[in-house]
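# Coordinate analysis (summary)
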Amino acid sequence: MEQQRIISVQRHLVESQHVHPQATGELTGLLWDLTLAFKLISAAVNKAGLTDVLGMAGSTNVHGEDVTRMDRYAQEVIVRMMDHGGHLCAMASEEEEEIIPLTRGDGRYVLCFDPLDGSSNIGVNVSVGTIFSIYRRVSPTGGPGCLEDVLQPGKALVAAGYAVYGSSTMLVYSTGAGVHGFTLDPSLGEFLLSHPNLRIPRRGSIYSVNEGNQAWWDDATRRYVEHLKAPAQGPYKSRYIGSMIADVHRTLLTGGVFLYPRTYKKDKARGEAKLRLLYEALPMAFLVEQAGGRALAGSQPLMEVIPHTLHQRVEVAMGSPADVDDYASFIQGAR
Ligand code: AHM
Ligand code: MG
């Protein structure tokens, strides 16, 4: 019987780099640095109930939300880890209003991240995680990057991934050559390849959406979810953790559809989206599509949405291709 190789994330990154003879190793170095940040955050999240990091930090972020202490810790770890590596020219975070200044900002890459997605759930021991995406700089090299480097569409993504701090810590990433998942062995402090070449099922049997918002959805979304609940469909099961990273992670592994549509609560004409394009929607959409799924913003491919501001929000539908196609047919009025 063939023995399965044991591969650490470092080994995987190096071997993936060797496939591209022209690669300089910079992206590998950048991803390598990020994995150490994830281990530090994972260790802190595991101890969150025991230490005084749990709880509110007493300030609000750029979106007016409470900043938990773990949010702030995760933000600081990533900034300190990436600041002087020389790989980046610009860095932007869900928690910071402007581009984050770098000590060594003359690198070739751009990093966008959500330091701790789902952190409002941390007090009840629900999975949280760090989401990241990497672009190549578009401004001239030799100095710091600018807004133009950060405001790039999903189609320009070089890599994206997340670390989910759940019952075990997992790292899932893609550089455009498949999606690979690694599980952290806490006794070794190593991410080991556990889910090579992840492929999302063509169709799932789970839908994931905050149904408390149903009264404020558009008609098409309401009709689609009713359709999923009809006995003729199975019916589909409902699962909603309220932590995008955990809901999309499950969707990636088991299939189905994750939705965060616009709600028409305050702005009755245009509606309001919740999830952030740069830090949540695009990186997760990249991974879902790399795994064979689909991602939409309304009727438009999510990867084609152009970011105009750092904290732009967007409506999201992503998951199994057949499920997202069904949703699209409702949105386009065909059903
Ligand atoms: P956060 O980045 O402040 O944690 O907010 C984003 C989270 C997502 O993880 C999740 O999908 C969504 O907000 C849940 O929102 P709601 O509570 O409105 O369902
Ligand atoms: Mg978030």
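The text that follows walks through the structure, step by step, so that each part is easy to find.

## Some points on the pattern of salt bridges
Counted by the stated rule, this structure contains 13 salt bridges. Here Arg 5 ties to Glu 15 by a salt bridge, and the two come within 2.7 Å at their closest N and O atoms. Of this pair, Arg 5 sits in the segment before helix H1 (9–18) while Glu 15 sits in helix H1, and the two are 10 residues apart along the sequence. A salt bridge links Glu 226 to Lys 229; the shortest N-O distance between them is 3.7 Å. One end of the pair, Glu 226, and the other, Lys 229, are both in helix H5 (residues 219–229), three residues apart, so they sit about a helical turn from each other. Classification of Glu 226 by relative accessible area gives partly exposed; the value is 41%.

## Some details on the packing of aromatic side chains
If you walk through the whole model with that rule in mind, you get four aromatic pairs. Summarising the aromatic geometry, the rings of Tyr 173 and Phe 182 are spaced 5.9 Å apart at their centres and angled 20° between planes, so their arrangement reads as stacked. Each member of the pair, Tyr 173 as well as Phe 182, is classed as buried. Measuring from ring centre to ring centre gives 5.1 Å for Tyr 224 and Tyr 327, while their planes differ by 65°; the resulting arrangement is edge-to-face. Taken together, the positions of Tyr 224 in helix H5 and Tyr 327 in helix H8 (residues 321–331) put the pair 103 residues apart, joining distant regions of the chain. Classification of Tyr 224 by relative accessible area gives buried; the value is 0%. One residue, Lys 265, lies across the ring of Trp 216, its end atom 4.8 Å from the ring centre.

## Structural notes on the site of ligand 1
Taken together, 17 residues lie near ligand 1, and Gly 118, Asn 210, Tyr 240, Met 244 and Tyr 260 sit nearest. At 2.5 Å from an oxygen atom of ligand 1 is found a side-chain nitrogen or oxygen belonging to Tyr 240. The separation between an oxygen atom of ligand 1 and a polar side-chain atom of Lys 274 is 3.0 Å. About the coverage of ligand 1: the protein hides 84% of its 470 Å² of free accessible area. When residues of the shell around ligand 1 are traced back to their parent elements, those giving at least two are strand S4 (109–117), strand S12 (257–260) and strand S13 (275–276). Of the residues belonging to the shell around ligand 1, the class tally is five nonpolar, five polar and seven charged.

Scoring rules and cut-offs
- Along every chain, residues carry numbers that run from 1 in the direction the sequence is written.
- To read the labels, note that chains go from A and ligands from 1, taken in the order they are written.
- Whole-chain, interface and lining totals are the exception, using all residues; otherwise, since this is a predicted model, local features are given only for residues with pLDDT of at least 70 and side-chain atom pairs are given and counted only at 80 or more.
- The basis for every side-chain value is the complete set of non-hydrogen atoms in the structure, without hydrogens or water.
- A side-chain nitrogen of Lys or Arg and a carboxyl oxygen of Asp or Glu constitute a salt bridge if their distance falls within 4 Å.
- Counting from the N terminus, the helices are DSSP H or I runs at least four residues long and the strands are E runs at least two residues long.
- Note on classification: 1.4 Å probe, protein chains only; a residue is buried when its accessible area is under 20% of the maximum for its type, exposed when over 50%, partly exposed between these limits.
- Aromatic rings from Phe, Tyr and Trp, taking only the six-membered ring of Trp, are treated as a pair when their centres fall within 6.5 Å; an angle between ring planes under 30 degrees marks them as stacked, one over 60 as edge-to-face, and anything in between as tilted.
- Geometrically, a lysine NZ or arginine CZ counts as sitting over a ring once it is within 6 Å of the ring centre and also within 35 degrees of the ring normal.
- For this purpose, a residue is taken to be near a molecule or strand whenever a single non-hydrogen atom of the residue falls within 4 Å of it.
- Side-chain atoms alone can form a polar contact between residues adjacent in sequence; in general such a contact is a pair of N or O atoms within 3.5 Å, and within protein one must be able to donate a hydrogen while the other accepts it.
- Accessible areas in this description were obtained via Shrake-Rupley with a 1.4 Å probe; residue shielding takes into account the shown protein chains only.
- Ten residue types, Ala, Val, Leu, Ile, Met, Phe, Trp, Tyr, Cys and Pro, are classed as nonpolar, four, Asp, Glu, Lys and Arg, as charged, and the remainder, Gly among them, as polar.

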